[in-house]
Amino acid sequence: MQKLSDIGLIGLAVMGENLVLNMESKGFQVSVFNRSTSKVDDFLAARAKGKNIMGTHSLKELVDSLERPRKVMMMIKAGGAVDATIDALVPLLDKGDVIIDGGNTHYPDTERRVKLVESKGLLYVGSGVSGGEEGALLGPSIMPGGSKQAWPLVQPIFQAIAAKVEDGTPCCDWVGESGAGHFVKMVHNGIEYGDMQLITEAYHIMKDLLGLSADEMHEVFKEWNTQELDSYLTEITRDIMAFKDEDGSPLVEKILDKAGQKGTGKWTGITALDLGVPLTLIGEAVFSRCLSSVKDERVEASKLLSGPKLEFKGDKKQFISDIKDALYAAKIVSYAQGYALMKTAADEFAWDLNYGGIALMWRGGCIIRSAFLGKIKEAYDKEPKLTNLLLDPYFIETVNNAQAGWRRVIAAAVTNGIPVPAISTALSYFDGYRSEQLPANLLQAQRDYFGAHTYERVDKPRGEFFHTNWTGRGGDTASTTYNV
Ligand code: NBP
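Rules and cut-offs
- Residues numbered from 1 in each chain as written.
- Predicted model: local features only at pLDDT ≥ 70, side-chain atom pairs only at ≥ 80, totals over all residues.
- Heavy atoms only, no water.
- Pairing = 2+ DSSP bridges.
- Helix = DSSP H or I, 4+ residues; strand = E, 2+ residues; numbered from the N terminus.
- Contact = heavy atoms within 4.5 Å.
- Axes fitted to C-alpha atoms, helices over the stretch in contact; angles between N-to-C directions.
- Core = buried A, V, L, I, M, F, W, Y, C linked by side-chain atoms within 4.5 Å.
- Buried < 20%, exposed > 50% of the residue type's maximum accessible area, 1.4 Å probe, protein only.
- Patch = residues over 30% accessible without salt bridge, like charges linked within 9 Å, V, L, I, M, F, W, Y side chains within 5 Å.
- Areas by Shrake-Rupley, 256 points an atom, 1.4 Å probe, with all protein chains shown as cover.
- Salt bridge = Lys/Arg side-chain N within 4 Å of Asp/Glu carboxyl O.
- Near = heavy atom within 4 Å.
- Polar contact = N/O pair within 3.5 Å; in protein donor to acceptor, adjacent residues only side chain to side chain.
- Right-handed = clockwise from strand over helix to strand, strands pointing away.
- Expected span 1.5 Å × (residues − 1).
- Phe/Tyr/Trp six-rings, centres within 6.5 Å; stacked < 30°, edge-to-face > 60°.
- Lys NZ or Arg CZ within 6 Å of the ring centre and 35° of its normal.
- Parallel < 35°, antiparallel > 145°, perpendicular 65-115°, else oblique.
- Left-handed = near helix turned anticlockwise from the far one by under 90°.

Caption draft 1: Structural view of the sheet that holds strand E5 (residues 98–101). Here eight strands make up an open sheet; going across it, the order is E3-E2-E1-E4-E5-E6-E7-E8 and the pairing mixed. At either margin of the open sheet sits one strand with a lone partner, and together these are strand E3 (53–55) and strand E8 (176–177). Pairing of strand E2 (residues 30–33) with E3 involves three bridges; the strand directions are parallel. Bridge pairing in E3 links Ser31 to Met54. Relative to the sheet, helix H4 (residues 80–89) contacts strand E1 (7–10), strand E4 (71–74), E5 and strand E6 (123–130), its axis offset from that of E4 by approximately 160°. With respect to the sheet, helix H8 (residues 180–209) is in contact with E5, E6, strand E7 (141–146) and E8, its orientation differing from that of E6 by roughly 15°.

Caption draft 2: Structural detail: the nonpolar core. One finds Phe183, Trp224, Met342, Trp362, Ile376 and Trp406 to be the most contacted residues of the largest nonpolar core, which totals 88 residues. It is helix H14 (residues 316–349) that provides the largest number of residues to this core, a total of 18 residues. Within the second largest apolar cluster, 33 residues are counted, among which are Leu19, Met23, Ile100 and Val125.

Caption draft 3: Focus on the environment of Phe43. Mapping Phe43 onto the fold places it in helix H2 (residues 38–45). Distance from Phe43 to Ala202, taken between C-alpha atoms, is 43 Å for residues 159 residues apart in sequence. Residues contacting Phe43, with those up to four places away along its chain left out, are Leu12, Glu17, Val20, Leu21, Val32, Ala48, Lys49 and Ile53.

Caption draft 4: Seen up close, a nonpolar patch on the surface. A cluster of nonpolar residues, Tyr449, Phe450 and Trp470, forms a patch on the protein surface that exposes about 400 Å² of accessible area. With respect to the helices and strands, Tyr449 occurs in helix H19 (residues 440–451).

Caption draft 5: Molecular detail of the site of the ligand. Taken together, 19 residues form the shell around the ligand, and within it Met15, Asn34, Arg35, Ser36 and Lys39 come nearest. In this structure, an oxygen atom belonging to the ligand sits 3.4 Å away from a main-chain N or O atom of Val14. Here an oxygen atom of the ligand sits 3.3 Å away from a polar atom, N or O, in the main chain of Lys77. Here the ligand, which alone exposes 900 Å², has 73% of that area covered by the protein.

Caption draft 6: How the structure looks around the pairing of E1. Covered by surrounding structure in E1 are Ile7 and Leu9 together with Gly8 and Ile10, the residues of both alternating faces. Alignment of E1 against E2, held across four bridges, turns out to be parallel. Residue Gly8 lies in a different strand from E2, and its bridge partner there is Ser31. The handedness of the E1 to E2 crossover, carried by helix H1 (residues 14–25), is right-handed. Where E1 lies against E4, three bridges are found, and the strand directions are parallel. Looking at E4, one finds that Ile10 is bridged to Met74.

Caption draft 7: Inspection of H8 at higher detail. Between the first and last C-alpha of H8 there are 43 Å, a value that for 30 residues agrees with the 44 Å anticipated at 1.5 Å per step. H8 sits mainly inside the fold: 25 of its 30 residues count as buried.

Caption draft 8: Representation of the environment of Leu390 within the structure. In this fold, Leu390 is placed in the loop between helix H16 (372–382) and helix H17 (393–416). Residue Leu390 is classed as buried on the basis of its relative accessible area, which comes to 7%. Spatially, the C-alpha atoms of Leu390 and Ile99 are 39 Å apart, while their sequence positions differ by 291 residues. Other than its neighbours up to four places away in sequence, Leu390 contacts Ile332, Val333, Ala336, Phe395, Ile396, Val399, Tyr429, Phe430 and Tyr433.

Caption draft 9: The arrangement of the pattern of salt bridges in detail. In total, this model carries 26 salt bridges according to the counting rule given. Of the charged contacts, one joins Lys207 and Asp208 as a salt bridge, the two residues approaching to 3.4 Å between their closest N and O atoms. Under the relative-accessibility criterion, Lys207 is labelled partly exposed at 27%. Across the pair Lys254 and Asp245 runs a salt bridge, and its minimum N-O distance is 2.8 Å. When its relative accessible area of 44% is taken as the criterion, Lys254 is described as partly exposed. In this structure, a network of salt bridges that share partners links the residues Asp83, Asp101, Asp109, Arg112 and Arg113.

Caption draft 10: Structural detail: the packing of aromatic side chains. If you walk through the whole model with that rule in mind, you get 21 aromatic pairs. Consider the rings of Tyr107 and Phe183, whose centres lie 4.8 Å apart with planes at 75°: the pair is edge-to-face. Here Tyr107 is found in helix H5 (residues 107–119), whereas its partner Phe183 is found in helix H8, with 76 residues between them in sequence. Taken as a pair, Tyr107 and Phe183 share a single burial class, namely buried. Their ring planes at 50° and their centres at 6.0 Å tell us that Tyr107 and Phe349 sit as a pair that is tilted. Of this pair, Tyr107 sits in helix H5 while Phe349 is found in helix H14, placing the two residues 242 residues apart along the sequence. Through a chain of ring-to-ring contacts, the aromatic side chains of Tyr328, Tyr335, Phe372, Tyr394 and Phe395 assemble into a single cluster. Note that Lys375 overlies the ring of Tyr394, its terminal NZ or CZ placed 4.8 Å from the centroid.

Caption draft 11: Region of interest: the packing of helix H9 (residues 214–224) against helix H10 (residues 232–242). Direction vectors running N to C along H9 and H10 enclose 160°, while the axes themselves pass 8 Å from each other. As judged from the angle between their axes, H9 and H10 are roughly antiparallel. The two elements H9 and H10 cross, and the hand of that crossing is left-handed. Together, Ala214, Asp215, Met217, His218, Phe221, Lys222 and Trp224 of H9 and Thr234, Thr237, Arg238, Met241 and Ala242 of H10 make up the contact between the two elements.

Okay, structure coming up:
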């Protein structure tokens, strides 16, 4: 009788195929299934040929080919396809078997599915997988959450196939209960939007204000990639700057300035609004893509709305160093905001998130991988209950040192009419966060004036609410206090 497989994988598209090959290369036997079964045969005849991979042509055949407790991983389009596949799998599985969703699922769907699948006596793992095609094959970042009893069952496979940091630690650990894995993946994607936007703003300033060529910017990104900004995204930007079209000119300048998006940045922003967390940088990153997408409207507007004449006065070398400082400081703020979102969600949903572990999971394999995540890991290792990343001694010092350059860059960008929404919103957040006094006293007065929403006083204990009859015409009845 043929040996049973260690895991089954459904969905032989780009991610599924590469994950299967990764698993097989680490010594696991994998059974595979795809809705269009011809893809199973094609895979077996090509990339899977001669490998320890078993093709199956029905879900029943897939399930029957697995070692117990069975582990079935879906790598299929997120949404209804996942629900339909779960419905078809549940009757075929036995108590203690595990269903895994490795797709880009929105975390509330995972929360719902964990409950549903657990109610059938099975276990469910919703896992973020990041790194694209190459990551899936060579080592992705994997962020699993869901039924905790499933972790020891999937851990050996997941940690074997995950990317590893320098000391060999896998970029995969248990994230938390329910939809925590997909939540953390969502925040990862939001942060990715932020990191990309920051780099594009730095590029915009260097290109338009300093007049640097793509080759010159290649040199700048190359240097930055050897310093604090060492990251995958800096690295690919360095390479993009050097990439020439067939006519020898930089390809990047021929690409239409209209950004696409698939929705995970938007989910992050919406979740932040729902939870009341100021996630301003990722929000600006999403909105910047939206603004870029109205290209035709912008072309018309550019003929009617004028801005200042571009003029750079000063030392270019110093200014490039300022841009680096602005980028790094704004990036720190972005991660501080992202971590604040995860912290609030953990409190709200009663998840026990391991913040240092999350930094480690993102340290390799995924799109936001960077040396800087090592600093975040160190911060949470030192203080696991850190309220905000900006309060860690390393980040306090770094932001303090970067501050002057950060402000100079924003001032120059604003004076010259170059939009820097992410770099500047980060500074506004920083200035707001470090302010003992904000003008929300006036805001509360306005709310009480027109809506009798009440206010607290600085000279009275917190929790005591007052209403003033501001005009002499209103009554004394206050509105109910509530928080949004
Ligand atoms: P796709 O997201 O393009 O999905 C294609 C796969 O889904 C095929 O195997 C297809 O089967 C299957 N499928 C569909 Br469509 N509807 C189905 C249904 N109703 N029942 C069963 N199977 C169905 O593949 P991908 O790009 O490999 O991504 C897989 C998952 O991983 C997605 O959730 C994606 O968001 C996520 N992800 C992708 C990347 C990336 O870089 N591409 C990175 C990280 C995560 P068929 O062959 O019969 O049509």
